[in-house]
Amino acid sequence: MDYTGKVAWVTGASSGIGAALASDLSSRGAHLVLSGRDEARLGDVAKECGDTLILPFDVRDDAALAEATAKAIAWKGGVDIAIANAGVSQRSRALKTDMQVYRDIIDIDLTAQIAFAQGLIGHMVERGSGALAFISSIAGKVGVPMRTAYSAVKFGLAGYGDALRGELSQTGVSVHVIYPGSVATNVSRNALKGDGSKRGVSDKVIDEGIPAPDAAKTMLDGIAAGEREIIVAEGMEQQMGEMRRTPDALFDQIAGMVAGGYMERMEETE
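A brief report on the enclosed structure follows.

Criteria and cut-off values
- Residues numbered from 1 in each chain as written.
- Predicted model: local features only at pLDDT ≥ 70, side-chain atom pairs only at ≥ 80, totals over all residues.
- Heavy atoms only, no water.
- Pairing = 2+ DSSP bridges.
- Helix = DSSP H or I, 4+ residues; strand = E, 2+ residues; numbered from the N terminus.
- Axes fitted to C-alpha atoms, helices over the stretch in contact; angles between N-to-C directions.
- Contact = heavy atoms within 4.5 Å.
- Left-handed = near helix turned anticlockwise from the far one by under 90°.
- Nonpolar A, V, L, I, M, F, W, Y, C, P; charged D, E, K, R; others polar.
- Buried < 20%, exposed > 50% of the residue type's maximum accessible area, 1.4 Å probe, protein only.
- Right-handed = clockwise from strand over helix to strand, strands pointing away.
- Phe/Tyr/Trp six-rings, centres within 6.5 Å; stacked < 30°, edge-to-face > 60°.
- Lys NZ or Arg CZ within 6 Å of the ring centre and 35° of its normal.
- Core = buried A, V, L, I, M, F, W, Y, C linked by side-chain atoms within 4.5 Å.

## Section: the sheet that holds strand S9 (residues 229–232)
Line of reasoning, step 1. Pairing is parallel in the open sheet, where seven strands are placed in the order S3-S2-S1-S4-S5-S6-S9. The two strands at the open ends of the sheet, each matched to only one other strand, are strand S3 (52–54) and S9. Each strand of the sheet is rotated relative to its neighbour by a mean of 15°, with strand direction disregarded.
Line of reasoning, step 2. With four bridges connecting them, strand S1 (residues 7–10) and strand S2 (residues 31–34) associate as parallel partners. Opposite tryptophan 9, over in S2, you have valine 33 as the bridge partner.
Line of reasoning, step 3. Packing of helix H5 (residues 148–168) onto the sheet brings it into contact with strand S5 (130–135) and strand S6 (173–180), and relative to S6 it is tilted by some 160°.

## Looking at the packing of helix H1 (residues 16–27) against helix H7 (residues 212–224)
Line of reasoning, step 1. Where H1 meets H7, the axes come as close as 8 Å, and the angle between the chain directions of the two elements is 60°. Note that H1 runs across H7; the crossing there is right-handed. Residues Gly16, Ile17, Ala20, Leu21, Asp24 and Leu25 of H1 form the contact with H7, whose participating residues are Ala212, Pro213, Ala216, Lys217, Met219 and Leu220.
Line of reasoning, step 2. Of the residues belonging to the contact of H1 with H7, the class tally is nine nonpolar, one polar and two charged.

## Describing the environment of glycine 194
Line of reasoning, step 1. Among the structural elements, glycine 194 can be located in the loop between strand S7 (183–184) and helix H6 (204–207).
Line of reasoning, step 2. On the basis of relative accessible area, glycine 194 is assigned to the buried category, the value being 10%.
Line of reasoning, step 3. Separated by 185 residues in sequence, glycine 194 and tryptophan 9 have C-alpha atoms that sit 32 Å apart.
Line of reasoning, step 4. What glycine 194 contacts, discounting residues up to four positions off in sequence, is Ser92, Lys96, Thr97, Asp98 and Val101.

## Some words on the pairing of S5
Line of reasoning, step 1. In terms of burial, S5 is a largely internal element, six of the six residues being buried.
Line of reasoning, step 2. Alternating positions in S5 separate into two faces, Gly130, Leu132 and Phe134 on one and Ala131, Ala133 and Ile135 on the other, with burial throughout.
Line of reasoning, step 3. Direction of pairing for strand S4 (residues 81–84) relative to S5: parallel, over a ladder of four bridges. Considered in S5, the bridge of isoleucine 81 is made with alanine 131.
Line of reasoning, step 4. Of the crossover connections in this fold, the one passing from S4 over helix H4 (residues 99–127) to the parallel S5 is right-handed.

## Some remarks on unusual backbone geometry
When glycine is set aside, most residues are seen to have a negative phi, and most peptide bonds are trans.
Line of reasoning, step 1. The phi torsion at methionine 146 lies on the positive side, around 75°, for a residue other than glycine.
Line of reasoning, step 2. Mapping methionine 146 onto the fold places it in the loop between S5 and H5.
Line of reasoning, step 3. The class of methionine 146 is partly exposed, set by a relative accessible area of 36%.

## A short note on the packing of aromatic side chains
Line of reasoning, step 1. In this structure the tally under the stated criterion is two aromatic pairs.
Line of reasoning, step 2. Centroid distance phenylalanine 134 to tyrosine 160: 5.6 Å. Interplanar angle 85°. Geometry classified as edge-to-face. Here the residue phenylalanine 134 occupies a position in strand S5, and tyrosine 160 occupies one in helix H5, the gap between them amounting to 26 residues. For the residue pair phenylalanine 134 and tyrosine 160, the accessibility class agrees, reading buried in each case.
Line of reasoning, step 3. When the ring centre of tryptophan 75 is taken as reference, the NZ or CZ atom of lysine 76 above it lies at 4.8 Å.
Line of reasoning, step 4. Cation over ring: lysine 141 sits above tyrosine 179, and NZ or CZ is 4.8 Å from the ring centre.

## Considering the nonpolar core
Grouped burial of nonpolar side chains is what soluble globular proteins tend to show.
Line of reasoning, step 1. Residues Trp9, Leu132, Phe134 and Leu164 are the most contacted members of the largest nonpolar core, which totals 37 residues.
Line of reasoning, step 2. Elements supplying a minimum of two residues to this core: S1, helix H3 (62–76), S4, H4, S5, H5 and S6.
Line of reasoning, step 3. Top element by residues in this core is H4. It accounts for eleven residues.
Line of reasoning, step 4. Ignoring anything within four residues of it in the chain, the contact list for tryptophan 9 reads Val33, Ser35, Phe57, Ala68, Thr69, Ala72, Val79, Ile81, Ala82, Ile83, Phe116 and Leu120.

As far as function goes, none of this settles anything; it's purely spatial.
Right under this line is the structure:
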């Protein structure tokens, strides 16, 4: 994929990985749609980029998402690349985590990301082209202590992306699931504690993690190369991700089932 002239929509774009993706996409000649809750911070990111449309909204607001989707599509006549990056992490033992924390993280990190994609897949399929990318996590490959909610949603997001990839495999629309390890962002500071409050402090492994611009480059290079599963990690985290990597042959098998009429046969039994 050549990003030049493509419209790329990034959620969670006000900081961290999202802001780094925006900067890199801009350098590759893409037109940017930037979303997040903080309009001022999105504006700061946009100042460092080229042709940009800012669409601030809360990902849990279905009406706002629908309105933003219509505006994003109308801006240049379509959305070519959509990166579902919005999310919040967790740092708490399951035994000390309120059920509301699970519900909140599921709403933000899973349900809202699915809604984002669902609003675009019809548009992309109709055009016969497009790319959808979902930011999962190494914690979406390996269950990590102190992150039971986060691991649950990141596994779930990967499952949705993998199933969707199979369904769209004959349409010209590609689906990419990205698994970052420790990236130097504020993810740990913004993580929820067991009572739902922000943690407020970072982790040494995060602070010493992959610089966000380097992680963004690896992600975008992977999408451009057509990689279906993109692991962005170092050291032990990379080893964990590679141990749980899905073989390409399995993805090919699923695509082959769809090409062979699997979904049509299933629908005939309804």
